[in-house]
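The residues making up each chain are set out below.
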Amino acid sequence: MLLLLLTAAAQAATLTGYAELPADTFIPGPTSGKFIKATNGRQPPFINQQPVQGFSAVVKGDDDSYFVLSDNGFGARDNSSDYLLSIYQVHPEFRTSKGGTGTIRVSNIIQLSDPETYLPYPVARTDRQLTGADLDPESFRRLADGSFWIGEELNPSLVHFDSSGTLLAPPYKLKGLNSEGNPSNAPANLPRSRGFEGMAISPDGKWLYPMLEGSLEDGSTGKQAGLNIYTFNTHEKVFVNKDAGSESFRYLLDKGATAIGDFTMFSNTGGLVIERDSGERDKALLKKVYRVDLEQMDEAGFLRKTLVADLLEINDPHDLDQDGNALFSFPFWTIEGLVVLNSTTLGIVNDNNYPKGQARDNTGTQPDNNEFILIEVDPFWD
């Protein structure tokens, strides 16, 4: 038993960097939050302001910067038509064992728009700036030309924006993939908000691997329920899969997990996946990072998984979050951003669901901040 405990302790991740953006961070813009209720002491609407919140993905930028993708606003199409979708360029000054303020600076705001009317359905604003009623951006990748590919959940598809946030083409749809409540009103075979939650990219930028958050509702295949991963060619701008039922890879969640948070590649075949349950604070039981390899399947045809980090049990010997504890936990309901910095260092951000998140506070008066952490793990590639 002692040997097992020592082994578990040796495998635990260590917090090496911590930074946070206060929950109540706003930028000037149209009044937002008109369709949500007061929560955690925050009284909407937010007059002439837009909250900088809800980070659903992260990619490394130049120098010390990162790009983070805003989620769809306040959680649903019908309450987010006044929330402008954006990509934020941020600069965390991580608090480490050597110092650092632990703050995050927002330096650039890229607002998403569709001036050429490529979206095949009406949008909320006449100026064609896109809102959370138009798209639900959950994953993204940045190409060498500065453009962004975004994985979308409302109408599961891939959407391509230039570096300024302008939509370049109609959504790239996979035949037979439609979620409940999609704007096109097509017959659904996927629950609401279970579209492309994670999306990895090959190191050369040619292949995107969008991954569903939910299982297709089609019992005719005879397959065990799992999450489909597809393949998209960014050069030819086409899915290699003929339809939604002809996935490239399949991923099986742990018992108790309800969703994945992100999917990223660190080599041509090696990738990492965040799995999570739907609990927060003391109800959070499963928040983990797994390693997969696109060339390794189990006997049932799912990608083999190897645990890399348990995000609820992280060593914090330098108390970088300044809570007086040598152990650190990341017990957020939605943990949706994962970036690989090297073979032993991961960057992870939460989606704070402003103003609803309550992973850190139990008084009902303080919504969660946006936290950005660096963790050191055992080497996961040579």
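Residues numbered from 1 in each chain as written. Predicted model: local features only at pLDDT ≥ 70, side-chain atom pairs only at ≥ 80, totals over all residues. Heavy atoms only, no water.

Caption draft 1: Region of the structure containing the side chain of Glu-197. For Glu-197, the location among the structural elements is in strand E12 (residues 196–201). Those residues in contact with Glu-197, other than ones at most four positions away along the chain, are Glu-138, Ser-139, Glu-153, Met-211, Glu-213, Ile-260, Gly-261 and Glu-336. (Helix = DSSP H or I, 4+ residues; strand = E, 2+ residues; numbered from the N terminus. Contact = heavy atoms within 4.5 Å.)

Caption draft 2: Quick look at the pairing of strand E20 (residues 287–293). Among the seven residues of E20, six are classified as buried, and the element is accordingly described as predominantly covered. Inspection of the sheet shows E20 paired to strand E21 (residues 306–310) by four bridges, in the antiparallel sense. The residue bridging Lys-288 from the neighbouring strand is Asp-310, located in E21. (Buried < 20%, exposed > 50% of the residue type's maximum accessible area, 1.4 Å probe, protein only. Pairing = 2+ DSSP bridges.)

Caption draft 3: Local environment of the pairing of strand E8 (residues 137–142). Within E8, five of the six residues are buried, which leaves it mostly tucked inside the rest of the structure. The pairing of E8 with strand E9 (residues 148–152) spans five bridges and is classified as antiparallel. Bridge pairing links Pro-137 to Glu-152 in E9. In textbook terms, the turn of a hairpin is the stretch between consecutive antiparallel strands, and for E8 and E9 this stretch comprises five residues, one of which, Gly-146, has a positive phi near 90 degrees.

Caption draft 4: Layout of the sheet that holds strand E19 (residues 270–276). Taken in spatial order, the four strands of this open sheet run E18-E19-E20-E21, and their pairing is antiparallel. Both edges of this open sheet fall to strand E18 (259–265) and E21, since each of them pairs with a single strand only. Neighbour-to-neighbour, the strand axes of the sheet open up by a mean angle of 25 degrees, direction not taken into account. Pairing analysis gives seven bridges linking E19 to E20, with the strands arranged antiparallel. Bridging from a neighbouring strand, Glu-275 pairs with Lys-288 of E20. (Axes fitted to C-alpha atoms, helices over the stretch in contact; angles between N-to-C directions.)

Caption draft 5: Geometry of the sheet that holds E9. Taken in spatial order, the four strands make up an open sheet running E8-E9-E10-E11, and their pairing is antiparallel. Lying at the two open borders of the sheet, with one neighbouring strand each, are E8 and strand E11 (172–173).

Caption draft 6: Seen up close, the environment of Arg-276. Mapped onto the fold, Arg-276 is located in strand E19. When its relative accessible area of 4% is taken as the criterion, Arg-276 is described as buried. Along the chain, Arg-276 and Ala-259 lie 17 residues apart, while their C-alpha atoms are 5.7 Å from each other. At 3.4 Å, the side chain of Arg-276 and the backbone oxygen of Trp-333 are in polar contact. (Polar contact = N/O pair within 3.5 Å; in protein donor to acceptor, adjacent residues only side chain to side chain.)

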